[in-house]
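Here is what each chain is made of, one letter per residue.
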Amino acid sequence: MIIPALGVLYLADVLHSLSRGERNQSLCSDQTAFLVATVFGGLALVVLLKATFAFPRTPAEWHVIEPSEYGFPSGHTMAAMVFWGALVLWLQFDRRSVRLCVAGVVVSLVGVSRLALGVHYLVDVLASMAFGVVYLAAIAWITQERPERAFGVAVIIAVLSAVVTGGSERAILALGGTVGAAIGWWVIERSPVRQQLFETLDHKH
């Protein structure tokens, strides 16, 4: 659900820019681009951390569903923490207090659901939330909230995850998605591409 949500946010931002007709401005705002890069980096970090710690899951008899190999940290919880935390910090669609409340509820529900399904210990979930908060703070500080730097950091994390896991399927998907998002953002922000999009839109009208 996170990747499609990022796609919707990105497309909505681009379409809004096209509708304004500001040809010399970025099609995607720096805030949205930074958010996208941050989340892709966070998803890659989940893969890297799981492979680095390689801690086992809870006993099989606890499992309500068939989980992946490693249990620490909780990937679903950390992904939710990164995504919703990024929305709270960098997307201006409502009051921050409202966004914070929604994020807190959603992340908590995800964590509780992983416990209810029997695939994580409590420490897995709590550590995932902590990792997510530290990651968000670190990438904001390291990149100064500049999207090109955030994409660079995200790609580095994705490459490391592929190396550490020996090229696991999840790591390769994370690397492909991160690199693809970075290239896509870079291409669409090139002046010739922006101008072509505006010209195509003008012809349709």
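Scroll up for the structure.
Computed from a prediction, not measured in an experiment: that's the story for all the values here.

Thresholds applied
Residues numbered from 1 in each chain as written. Predicted model: local features only at pLDDT ≥ 70, side-chain atom pairs only at ≥ 80, totals over all residues. Heavy atoms only, no water. Salt bridge = Lys/Arg side-chain N within 4 Å of Asp/Glu carboxyl O. Helix = DSSP H or I, 4+ residues; strand = E, 2+ residues; numbered from the N terminus. Buried < 20%, exposed > 50% of the residue type's maximum accessible area, 1.4 Å probe, protein only. Expected span 1.5 Å × (residues − 1). Contact = heavy atoms within 4.5 Å. Phe/Tyr/Trp six-rings, centres within 6.5 Å; stacked < 30°, edge-to-face > 60°. Core = buried A, V, L, I, M, F, W, Y, C linked by side-chain atoms within 4.5 Å. Axes fitted to C-alpha atoms, helices over the stretch in contact; angles between N-to-C directions. Parallel < 35°, antiparallel > 145°, perpendicular 65-115°, else oblique. Left-handed = near helix turned anticlockwise from the far one by under 90°. Nonpolar A, V, L, I, M, F, W, Y, C, P; charged D, E, K, R; others polar.

Caption draft 1: Main features of the pattern of salt bridges. Taken as a whole and assessed by the stated rule, the structure comprises one salt bridge. Linking R146 and E148 is a salt bridge whose minimum nitrogen-to-oxygen distance equals 2.7 Å.

Caption draft 2: Just unusual backbone geometry, in detail. Here the amide bond leading from F72 into P73 is cis, since omega sits at -5°, within 30 degrees of zero. Position of P73 relative to the elements: it lies in the loop between α2 (30–53) and α3 (75–90). Unlike most non-glycine residues, Q144 shows phi in positive territory, near 55°. The topology assignment puts Q144 in the loop between α5 (122–143) and α6 (147–164). The backbone phi angle of E145 is positive, close to 60°, even though this residue is not glycine.

Caption draft 3: Expanded view of the environment of P59. Looking at the secondary structure, you find P59 in the loop between α2 and α3. Using a relative accessible area of 27% as the deciding quantity, one classes P59 as partly exposed. Spatially, the C-alpha atom of P59 lies 8.2 Å from that of V119, the residues being 60 residues apart in sequence.

Caption draft 4: Structural view of α5. The end-to-end C-alpha separation of α5 is 32 Å, in line with the 32 Å expected for 22 residues at 1.5 Å each. Those residues of α5 that fall on the buried side of the exposure criterion are D124, V125, A127, S128, G132, Y135, L136, I139, A140 and T143. Elements in contact with the buried residues of α5: α2, α3, α4 (96–116) and α6. Once α5 ends, the next one or two residues include Q144, with phi positive near 55°.

Caption draft 5: Molecular detail of the packing of aromatic side chains. The full count for this structure, using the stated rule, is nine aromatic pairs. Each ring, one from F53 and one from F72, has its centre 5.0 Å from the other, and the planes form 85°; the classification is edge-to-face. One end of the pair, F53, is in helix α2; the other, F72, is in the loop between α2 and α3, and 19 residues separate them in sequence. Given the relative accessible area of 30%, F53 is considered partly exposed. Taking the relative accessible area as the measure of exposure, F72 reaches 10% and is therefore buried.

Caption draft 6: A look at the nonpolar core. Counting 39 residues, the largest nonpolar core has L6, L35, V39, L45, Y135 and F151 as the members making the most contacts within it. Put simply, the parts of the chain that give this core at least two residues each are α1 (2–20), α2, α3, α5, α6 and α7 (169–188). With 12 residues, α2 is the largest single contributor of residues to this core. Leave out the neighbours within four places in its chain, and F151 touches A33, V36, A37, A181, A182 and W185.

Caption draft 7: Quick look at the packing of α6 against α7. Where α6 meets α7, the closest approach of the two axes is 8 Å, and the angle between their N-to-C directions is 160°. Comparing the axis directions of α6 and α7 gives the class roughly antiparallel. Classified by chirality, the crossing of α7 by α6 is left-handed. Across the interface between the two elements, P147, E148, F151, A154, V155, A158, V159, S161 and A162 of α6 pack against A171, I172, A174, L175, T178, V179, A181, A182 and W185 of α7. Taken together, the residues that form the contact of α6 with α7 break down as 15 nonpolar, two polar and one charged.

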